[in-house]
Each structure stands twice: as structure tokens, then as C-alpha cells.
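Coordinate analysis (summary)
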Amino acid sequence: MCGIIGYTGPLQARDIILLGLSQLEYRGYDSAGLALLTDEGNLYLRKTVGQVSRLKELCREAVSSHCGIGHTRWAKHGGVTEANAHPHQVGRVILLHNGIIENYHTIQKQYGFEGLATSETDTEVAAQLINYYYDRTNDPRQAIRRALNIIEGSFAFCILFSDIPGTIFAVRNVSPMVAAATEQGSFIASDVTALIPYTKTYFVVPEYHILMLRDRSICLEDPEGNTVEPELLSVSWDVEAAQKNGYPHFMLKEIFEQPEAFRKTVQPRLRDGIPCFEAEKIPDSLLSGCRQVQIIACGTAMYAGMVGRAILEQKVRIPVTVSIASEFRYDTPMIDSDTLVIVISQSGETIDTLAALRLARECGAPIISIVNVKGSSIARESDYVIYTHAGPEIAVASTKAYMVQLAVLYLLTGRMMVARRLTSEEEIRAFTEHLVASADSIQEMLDVIPDQVRIQAERIAFSENAFFIGRGLDYAFSLEGALKLKEISYIHAEAYAAGELKHGTIALIEKDVPVIALATQDKVFSKTISNVREVRARDAYVILITKKGASVSDEVCDVHLEVPVEDGFFAAFPCAVILQLLAYYTAYARGYDMDKPRNLAKSVTVE
Ligand code: F6R
């Protein structure tokens, strides 16, 4: 949420900042701004409502600068206005921010800043406070430290002092920030995507450490003022991975990257045909010794967790609870050291998920996280991390990250079956074979289904409501299908356990309301088909998804789509492709930008 980039070095700062902002735009896109300290010693500050392309238009005039910061905003405090866009300047301080300053109102009152503000943001208070102390100390680090003693909340700040040319100061708490010093200059950003054109080596700025970036060098100070060496990390993907590469949208590109992401995630975790987490150092004793499993996540990751629950309970016969992180963190959790906590997050920075993880730790539970972004906060604070290898996910709507989260949950299920001696060698090998073959079923879907799905998307595109129904595992898949559709097409969509419909929701079924019915599970197939008949009898427009070869009579549905699996247990993967494409093409038919859905942003780093 909110993209940040800062640069100081031999190159032109404006070009680097504008490029960085367009790469980070998926983090927020309601307004954008940049501040440059020019070679003549002036401040060049430009802000605009709208996307980075508008900021580019605004920054056309000739200006030479080798040091600057930029921001793309997802509005939190204060509406979408130019005045509220970052950076904010107060006196000699120019500051931008990602996060929330919880006590900004108290600070305003206490320091008499009320009435002086030029914006409605909490951020301006931080600039006021740092400027206040800078005026009194003339020492930038002291000014920042004194302000930090007062500010409460989550923040990543990048700060320029107008009388200190060539230096960017940065500090963070919770909100992510990474940096790198290279031959081409020093960079700071809210995530590594913006650094990739310049370097693959970077570090995560440790919380409450003050970072000073100068031309090709950095200095990191711990809260006591001691200089410390950053812990360097490296990324395994390159610039192309974060570009559209000929696809019209990142979302479509990422849907098509799924077979590869799946293979990269699964293959390294197989030893002799058996799931294995040796590289992650996850001991079998942890998987065999726990009495229950608690899954914690938000949004799509949480829906991956719902599939996780269904497969773990089915194969491992262990009680599994799935909690929404924002609820869990304020609950009284009933977990202890015998509970295995599985935290799922693409970004590894979702603040509710991170807070829930911390609470789970306090309860003494061991934590395995399933994370896509290397070195992210959730990864660093977990006992064990299983990295998904989806590469950068740029589209706001998660697709490939969901797919590989599922893949890891299947692998974990397989390993738990082994660790708990619930399976013969033959059975687990067959399980693995099915899992590995899922990459082919995803590919087959991508090869054959897009046109059929596009036609259906055009058919439902102007509906006001849509329903996704299924039983058991199919219900878990439906949840993600409904979320995908609503978040990018803005059609109200609900997922319902098929058998529950007639307890109320069926009242909403009327002529032509789209119902996407999933019936891939043998055990409940005929029951789901009965529910489909119920909505069909009320003239719903039914798109039915079954396993290949399922016997379905013509009058049951309007359209019948098939997924190429023999065992419905592995239907998650091809079903996900259909549901993702349905959402994508529906948004397309409605003329929306599915890479930047309204009101949303990637990586939710505020509560
Ligand atoms: C929806 C979507 C979100 C995220 C959720 C959690 O398409 O992407 O629902 O799944 O915000 O994000 P992570 O996985 O980064 O914790």
C-alpha cells in the first residue's frame, strides 16, 4: 500500500523515480508526487491526483537533480487531492510516508500544529514534528530520533532535508522498505520490484534503524546510534518477470505463468517422489506431534487456507481452523504449543496477518509461513518459511500466488501423511504423481478454455449479482471465484455452500442470475446437481464445472465446462484457472482496468 522510491547518485533522479513509481503503481494509484533536490540547490516538488502517467506529464520541464524521492498513494487519511498527495514539505523537511500515524491528532494538539496543516493527512504531522526538532537541534538524525519517540503507528518514511543535498534519510516501523547501494547510486523503495533494474542484491531496512543514503553508499544506524552492517539478500528473478511481456494486462500474464510457478514451487520439494521439507528444516516431529492446525491469512490467501483445511482434514484427519487475520488478532485464540500455525501471505507484509502471527507466537505455537516475497516481515518472524516461487505478482488480484499457495498446502498435506504414518509408500507416490500432473491440467486449461470462458464472461458481464456454489472442496474453490469476480468486475458475487442456498439465499435467484456451480467432488456430486436443478428451476443462468466425463444431462445447466482431472481431490488447480479467467474476461467486457481495481492496492500494510 503506497509505493515509495528514493534515489541518490550519478544518474538523473527524476527518470529513476518516475520509472520506479510506474513499477510500484500496483501498491496505490490515486495520486502521485516527487521531490527533487536540484543541482542548483532548489527544491522541485510536483504532485498530482491520478496515476503516475499524469505525474510524468507534469515533470516535463528541464531539471537536473541527482537526489530525490517519489510516492504513489493509496489514500488513508484525507481524500484524494493534490494537497494530500506526498511528499509533504514543512520548513526544511520534505517527507513521504507509507503507513498510519495513530496518534497524529494528539501530536497536533500537543505541539500546536493544528491550523498550520496544508493537508488532511497524518503524514504532514510527521513532517511537522521532524521539522520542529530539526529547527531546535540542526541535527537530522537527532530530529528523526526524537520524533520517533513520539510517533505511534506503522510507517516507512523517506525524508529529504532541503539544506542537506545528496542525502536521503529513511526509517520504518512495520511498513516495508528495502534499499541497495550500487555503482549506479543508492536506492530505496517500498519493495524490491523497483530495484531490480539496477541490482539483485538488497536489504530490508531493519525497524527503527536510521538509514542514510548517499551517492553509491549507505550508512545504517541502530536505535542507539551504532553503525551496523545490513543483511544482504538477493532476488532470483529479473526485470522481464515484472513486465507485461506482450500481454495486455499483468493479471492475464500471471494467469498464464501458473504452470511454471507451480512446477518451480513443487519440484524442489520432492525427494524420490515424496513431499519433503528438508531444505526448510521442518522436522517431521512438528508435523506428527501437533494436535490441531490453525491457518491464518487474509483475502485470497485465506481462501487458499480454506482449501488447505478441506484437504488436511480429509487426508490427515486433524482438526483445522481457518481464521481471518484481522479477526484473529483481536480474538482470544485457543492455541498453544501443540497447535501448528500456518500463516499464508503472498507479500509477507500484510499487517493484520503479521499481527496475528505475533499473537500466535505469544501463545507459544510453532509457525510455518507460506510466503512469496523473500525476506518479508512474515517470513522473517516465522519459525519456518516455505517460499512459493511465483515470482513477482504485480496485478492487484492474486492469481499465481494463490495457485502456488495451494500447491504448498497439498505438499504439506502429503508430508503430514508421511510424518504421521497415514499412508503407504505406494499411496503417497500416487498422491505426488497427481500433484505433479496438476501442472499439466493447469496448462491444458490455459490451452483450451480461454475462448469458452470469454464467451461466458461476455454473457454475464452486465449482471448485477452472481453466485458461486459448491460442496466440500468445491465450496472452498467457490470462495476464491467469487472474490476474484467482485474485486475486478465490481459485480456483487457470493459464494455459497450449495446445500445452504435454500436456507435463505435462494430468494435472490431469479431469471438470468449467473450461478457458477462447481461439482467436481464424487462424494457430493449428485447432491450438488440437485442444488443446481433448484436454481435452474428458478431460471438462473447456470455455468456448471465438473470433472471430465461427468454425466450431466443437458437440461441441468446452460453451459458445461470440464476440468481434466480423474481425482476431484486435485480439481483445485484447473478450477482456479476457469474462475480466474471468468473474472478477468468479465472485467474486460465491462471495460475495467483489472490490474488496478478501484479502491484496492497490492500489499495491505494498514489495518
Ligand atoms: C485478492 C488479493 C487479496 C490478498 C490479501 C492478502 O486478489 O490479492 O485478497 O490475498 O490482501 O495479501 P497477502 O497474501 O499479501 O497477505
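See the structure shown above.
Attention in this report is confined to the structure presented alongside it. Note that the coordinates shown come from a computational prediction; the quantities given were computed from them, not determined experimentally. (Residues numbered from 1 in each chain as written. Predicted model: local features only at pLDDT ≥ 70, side-chain atom pairs only at ≥ 80, totals over all residues. Heavy atoms only, no water.)

Quick word on helix α14 (residues 425-448)
To be explicit about the condition: Numbering of helices and strands runs from the N terminus, with a helix taken as a DSSP run of H or I at least four residues long and a strand as a DSSP run of E at least two residues long. Working rule for helices: expected span equals 1.5 Å times residues minus one. What is called the bend at a residue is the angle between a pair of axes, fitted to the seven residues leading up to and ending at it and to the seven starting from it. Throughout this description, buried means an accessible area under 20% of the type-specific maximum (1.4 Å probe, protein chains only), exposed means over 50%, and partly exposed covers the range between.
Helix length check: α14 (24 residues) gives 35 Å between terminal C-alpha atoms against 34 Å at 1.5 Å per residue, within 8%. The principal kink in α14, of about 30°, is found at S438. Regarding α14, the residues found buried are I428, F431, T432, L435, S438, A439, S441, I442, M445 and L446.

Regarding the packing of helix α13 (residues 400-419) against helix α18 (residues 572-589)
Rules: Here the axes come from fitting lines to C-alpha atoms, over the contacting stretch only for helices, and the angles between their N-to-C directions go from 0 to 180 degrees. Any angle from 65 to 115 degrees is called roughly perpendicular, while one under 35 is roughly parallel, one over 145 is roughly antiparallel, and all others are oblique. Take the far helix as the reference: if the near one is turned anticlockwise from it by less than a right angle, the crossing is left-handed, and if turned clockwise, right-handed. Contact criterion: two residues are considered in contact whenever any of their non-hydrogen atoms come within 4.5 Å of each other. The nonpolar class holds Ala, Val, Leu, Ile, Met, Phe, Trp, Tyr, Cys and Pro. Asp, Glu, Lys and Arg form the charged class, and all remaining residues, Gly among them, are polar.
It is the contact of α13 with α18, at a shortest axis distance of 10 Å, that shows an interaxial angle of 165°. Put simply, α13 runs roughly antiparallel to α18. The way α13 lies across α18 gives a crossing that is right-handed. Side by side, α13 and α18 meet where Y402, M403, L406, A407 and Y410 of the first sit next to A572, F573, A576, V577 and Q580 of the second. Of the residues assigned to the contact of α13 with α18, the class counts are nine nonpolar, one polar and no charged.

Some points on the pairing of strand β27 (residues 559-563)
Threshold: For two strands to count as paired, DSSP must find a minimum of two bridges between them.
Burial of the side chains of β27 is restricted to one face: V559, L561 and V563 are buried, whereas none of H560 and E562 on the reverse face is. In this sheet, β27 lies alongside strand β26 (residues 541-547) in parallel orientation, the contact comprising five bridges. In the strand pairing of β27, I545 is matched with L561.

Points about helix α16 (residues 473-489)
Helix length check: α16 (17 residues) gives 25 Å between terminal C-alpha atoms against 24 Å at 1.5 Å per residue, within 8%. Burial of α16 is extensive: 15 of the 17 residues sit out of reach of the surface.

Here we look at the nonpolar core
Definition in use: Residue types Ala, Val, Leu, Ile, Met, Phe, Trp, Tyr and Cys, when buried and joined through side-chain atoms within 4.5 Å, form a set referred to as a nonpolar core.
Formed by 134 residues in total, the largest nonpolar core has its most connected members in Y410, F468 and F573. Here the element with the most residues in this core is α18; it accounts for 13 residues. Among residues more than four places away in sequence, those in contact with Y410 are V307, I311, F431, L435, F569, F570, A572 and F573.

Considering the sheet that holds strand β19 (residues 320-324)
Taken in spatial order, the five strands line up as β19-β18-β20-β21-β22 in an open sheet, and their pairing is parallel. Each edge of the sheet is formed by a strand with only one pairing partner; in this case those strands are β19 and β22 (384-387). Ignoring which end each strand starts from, the neighbouring axes of this sheet average 20° apart. Taken strand by strand, helix α9 (residues 299-316) contacts β18 (292-297), β19 and β20 (339-345), and its axis lies near 170° from that of β19. Its contacts with the sheet place α13 against β18, β20, β21 (367-371) and β22, and it is angled at close to 160° to β20.

Remarks on the sheet that holds strand β25 (residues 514-519)
Hydrogen bonding along the main chain pairs the strands of a sheet, whether they run parallel or antiparallel. With parallel pairing, five strands are arranged side by side in an open sheet as β24-β23-β25-β26-β27. Each edge of the open sheet carries a strand with a single partner, namely β24 (492-497) and β27. The sheet shows a mean angle of 20° between the axes of neighbouring strands, taken without regard to direction. Looking at chain direction, strand β23 (residues 465-470) and β24 are connected through six bridges and run parallel. If you follow G470 over to β24, its bridge partner there is A497. Sheet strands touched by helix α15 (residues 450-460): β25, β26 and β27. Its angle to β26, the strand with the most contacts, is close to 155°.

Observations concerning the packing of helix α7 (residues 258-266) against α13
Interaxial distance between α7 and α13 falls to 9 Å at its minimum, and their mutual angle equals 30°. Considered as vectors, α7 and α13 are oriented roughly parallel to each other. Our pair here, α7 against α13, has a crossing hand that is right-handed. From α7, Q258, A261, F262, T265 and V266 reach across to α13, where they touch K400, M403, V404, A407, V408 and L411.

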